[in-house]
Amino acid sequence: GYFPSAAFAWRANNEPIIKNTNLFNELKFRVGWGQTGNQAIRPYQTLANYGPELVAGPGNTTSIGFVPLNIGNSDLKWEFTEQVNAGLDFDFNFLPISGSFDIYNKTTEDLLQLSPLPPSAGFDSLFINRGGLENNGVELALLANIVDTPDFKSIAEAKKSFAPGQTIVFTI
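Residues numbered from 1 in each chain as written. Predicted model: local features only at pLDDT ≥ 70, side-chain atom pairs only at ≥ 80, totals over all residues. Heavy atoms only, no water.

Colleague: Lay out the overall build of the protein with the relevant residues and their values.
Modeller: Helix and strand counts for the protein stand at one helix and 10 strands. Since a compact globule built from 172 residues should have a radius of gyration of about 16 Å, the 27 Å found for the protein marks it as more spread out than a globular shape. Put simply, the protein has 172 residues, and 20% of those count as buried. A fraction of 58% describes how many contacts in the protein between residues 6 or more apart in sequence connect residues 24 or more apart. Within the structure as shown, the protein displays about 12,100 Å² of accessible surface, and the carbon and sulfur contribution to it stands at 59%. Here the protein holds 11 positive side-chain charges and 17 negative ones, and the gap between their average locations is 3 Å. (Helix = DSSP H or I, 4+ residues; strand = E, 2+ residues; numbered from the N terminus. Rg over C-alpha atoms; globule rule 2.2 N^0.38 Å. Buried < 20%, exposed > 50% of the residue type's maximum accessible area, 1.4 Å probe, protein only. Contact = heavy atoms within 4.5 Å. Areas by Shrake-Rupley, 256 points an atom, 1.4 Å probe, with all protein chains shown as cover. Lys, Arg positive; Asp, Glu negative; His and termini not counted. Charge placed at Lys NZ, Arg CZ, Asp CG, Glu CD.)

Colleague: Go over unusual backbone geometry with me, naming the residues and quoting the values.
Modeller: Phi at asparagine 60 is positive, roughly 55 degrees, even though this residue is not glycine. The phi angle at aspartate 110 is positive, at roughly 60 degrees, despite the residue not being glycine. Within the secondary structure, aspartate 110 is located in the loop between strand S6 (97–109) and strand S7 (112–116). Of the residues examined, aspartate 110 reaches a relative accessible area of 23% and is grouped as partly exposed.

Colleague: Which residues make up the packing of aromatic side chains, and what values go with them?
Modeller: A full pass over the atoms with the stated rule returns five aromatic pairs. Between tryptophan 10 and phenylalanine 29 the ring centres are 5.7 Å apart and the planes differ by 20 degrees, which places this aromatic pair in the stacked class. Here tryptophan 10, found in strand S1 (residues 5–11), pairs with phenylalanine 29, found in strand S2 (residues 24–38); they are 19 residues apart in sequence, far enough to count as distant. Between phenylalanine 90 and phenylalanine 92 the ring centres are 5.6 Å apart and the planes differ by 55 degrees, which places this aromatic pair in the tilted class. On the basis of relative accessible area, phenylalanine 90 is assigned to the buried category, the value being 14%. Connected via pairs of aromatic rings, a cluster forms that spans Phe24, Phe90, Phe92 and Phe94. (Phe/Tyr/Trp six-rings, centres within 6.5 Å; stacked < 30°, edge-to-face > 60°.)

Colleague: Give me the pattern of salt bridges: which residues, what numbers.
Modeller: Across all of its chains, the model carries six salt bridges by this definition. When the shortest N-O distance is used, the salt bridge between glutamate 26 and arginine 11 registers 3.0 Å. A residue pair is termed long-range when its members are at least 10 positions apart, and glutamate 26 in strand S2 and arginine 11 in strand S1 qualify at 15 residues. For lysine 77, the salt bridge goes to aspartate 110, with nearest N and O atoms at 3.7 Å. (Salt bridge = Lys/Arg side-chain N within 4 Å of Asp/Glu carboxyl O.)

Colleague: Hey, could you go over a nonpolar patch on the surface for me, with residue numbers and the actual values?
Modeller: Residues Leu23, Phe94, Leu95, Ile97, Phe101, Ile103, Leu140 and Leu142 make up a contiguous nonpolar surface patch of about 640 Å² in total accessible area. Broken down by element, the nonpolar patch gets its largest block of residues, three residues, from S6. Looking at the element boundaries, isoleucine 97 is found in strand S6. Residue isoleucine 97 is classed as partly exposed on the basis of its relative accessible area, which comes to 31%. (Patch = residues over 30% accessible without salt bridge, like charges linked within 9 Å, V, L, I, M, F, W, Y side chains within 5 Å.)

Okay, here's the thing in structure tokens:
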């Protein structure tokens, strides 16, 4: 599959107006967008596969025949995920605190699922693409230098994620 991505970052602390304030060691704004695919099934699952099986013949003989092992699905395609995110990295000059703030939205479509089949099909299940997911949220990370001497260093780090939930959409 073809799955492009792009990202952009701006180090605002290098701009004269920010640099002259002497507030930040680092102040970076980030945005990104990308697509990924997932083919989390064994190779050749989209094809009808055959395997050997012993077949009873006349006069107590056996032969080797080939029988279908699964039903192929030529319409099966990659799961498709698209994500957009924006973030801010900061490190203060006057405080021993740094951190980052991120916001994201992630959408997955064409989930790969094993769908049950009726007994009359002769097989238990078939791989299909069905449904999707959407996740979004905010992440905050803070890092504080508690003690920073040549002989001893102590750092505290806290992270918090706020993900209001995920939306699951299934089609029948």
